[in-house]
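Analysis of the macromolecular model
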Amino acid sequence: SLMRRLLLTSSLALLFCSQVFAQAVSARLEGFVQDPSRAVIPAVTVSAVHEGTGIRSQAISNDAGRYVFPNLPPGSYSVSAEVAGFKKAVVSGILLQIGDSRSLDLL
């Protein structure tokens, strides 16, 4: 089963290369969604809109209020979070460059 091992090895190499490539040409944005008293809010839809292309990416905050966009194309973003009962939070002009890993908490 030399063929099976070669296929598995090449598949793993391809997966690794695609992960490295995605990290090499993208940026990461993460943070917490919080209320005015700084308590975290789970299950909030967070949107990141690339201001140059209008392409929207979405994430949902987890039980700890944390959201993550692991692979955003570089550019300027408008990031918003909205949940019933709270005012919509919007932060514009977030500049992400290749390889950046930024933190942005939303209130």
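The structure under discussion appears in the preceding block.
Residues numbered from 1 in each chain as written. Predicted model: local features only at pLDDT ≥ 70, side-chain atom pairs only at ≥ 80, totals over all residues. Heavy atoms only, no water.

1. Some thoughts on the sheet that holds strand 7 (residues 101-103)
Rules: Paired strands are those between which DSSP finds at least two bridges. Working definition: helices are DSSP H or I runs of at least four residues, strands are E runs of at least two. Numbering for both runs from the N terminus. Here, axes are lines fitted to C-alpha atoms. For helices the fit covers the stretch in contact, and angles between N-to-C directions go from 0 to 180 degrees.
Strand order across the open sheet formed by 3 strands is 4-1-7, with mixed pairing between neighbours. If you trace the sheet from one side to the other, it starts and ends with strand 4 (66-72) and strand 7, each paired once. For this sheet, the mean angle separating the axes of adjacent strands, direction not counted, is 15 degrees.

2. Side note on the pattern of salt bridges
Using the following cut-off: Salt bridges are counted wherever a side-chain nitrogen of Lys or Arg sits within 4 Å of a carboxyl oxygen of Asp or Glu. The cut-offs for exposure are 20% and 50% of the maximum accessible area for each residue type, with area from a 1.4 Å probe on protein chains only; residues under the lower value are buried, those over the upper are exposed, and the others partly exposed.
Per the counting criterion, the structure on display carries 3 salt bridges. Here K88 ties to E82 by a salt bridge, and the two come within 3.9 Å at their closest N and O atoms. Take E82: its relative accessible area is 48%, and that puts it in the partly exposed class. Three or more residues are tied together by salt bridges with common partners; here these are R28, E30 and R66.

3. Observations concerning the nonpolar core
Note the cut-off: Residues belong to a common nonpolar core when they are buried Ala, Val, Leu, Ile, Met, Phe, Trp, Tyr or Cys residues joined through side-chain atoms within 4.5 Å. Any pair of residues with heavy atoms lying within 4.5 Å of one another is described as a contacting pair.
The biggest cluster of nonpolar side chains holds 19 residues, and the ones touching the most others in it are L29, V46, Y67, F69, V79 and L106. Sorting the residues of this core by element identifies strand 1 (27-32), strand 2 (45-50), strand 4, strand 5 (75-82) and strand 6 (89-96) as the ones contributing at least two each. If we skip the residues at most four places from it in the chain, V46 touches V33, S57, Q58, A59, Y67, F69, V79, S80, A81 and L106.

4. Brief notes about the environment of S61
The following threshold applies: Residues adjacent in sequence count toward polar contacts only when both atoms are side-chain atoms; beyond that, a polar contact is any pair of N or O atoms within 3.5 Å, and within protein one must be able to donate a hydrogen and the other to accept it.
Here S61 is to be found in the loop between strand 3 (56-60) and strand 4. Along the backbone, S61 and V44 are 17 residues apart, and their C-alpha atoms lie at a distance of 5.2 Å. Non-local contacts of S61, meaning those with residues more than four positions away in its chain, are made with V33, I41, P42, A43, V44, R66 and Y67. A distance of 2.9 Å separates a polar atom in the side chain of S61 from the backbone nitrogen of V44.

5. A short note on the sheet that holds strand 3
Strand order in this open sheet of 4 strands is 3-2-5-6, and the pairing throughout is antiparallel. Whereas interior strands pair on both sides, the edge strands pair on one side only; in this sheet they are strand 3 and strand 6. Here the strands of the sheet are splayed against their neighbours by 20 degrees on average, with no regard to which way each runs. Here 6 bridges tie strand 2 to strand 5, and the two strands are oriented antiparallel to one another. Each bridged residue has a counterpart across the sheet, and for A48 the counterpart in strand 5 is V79.

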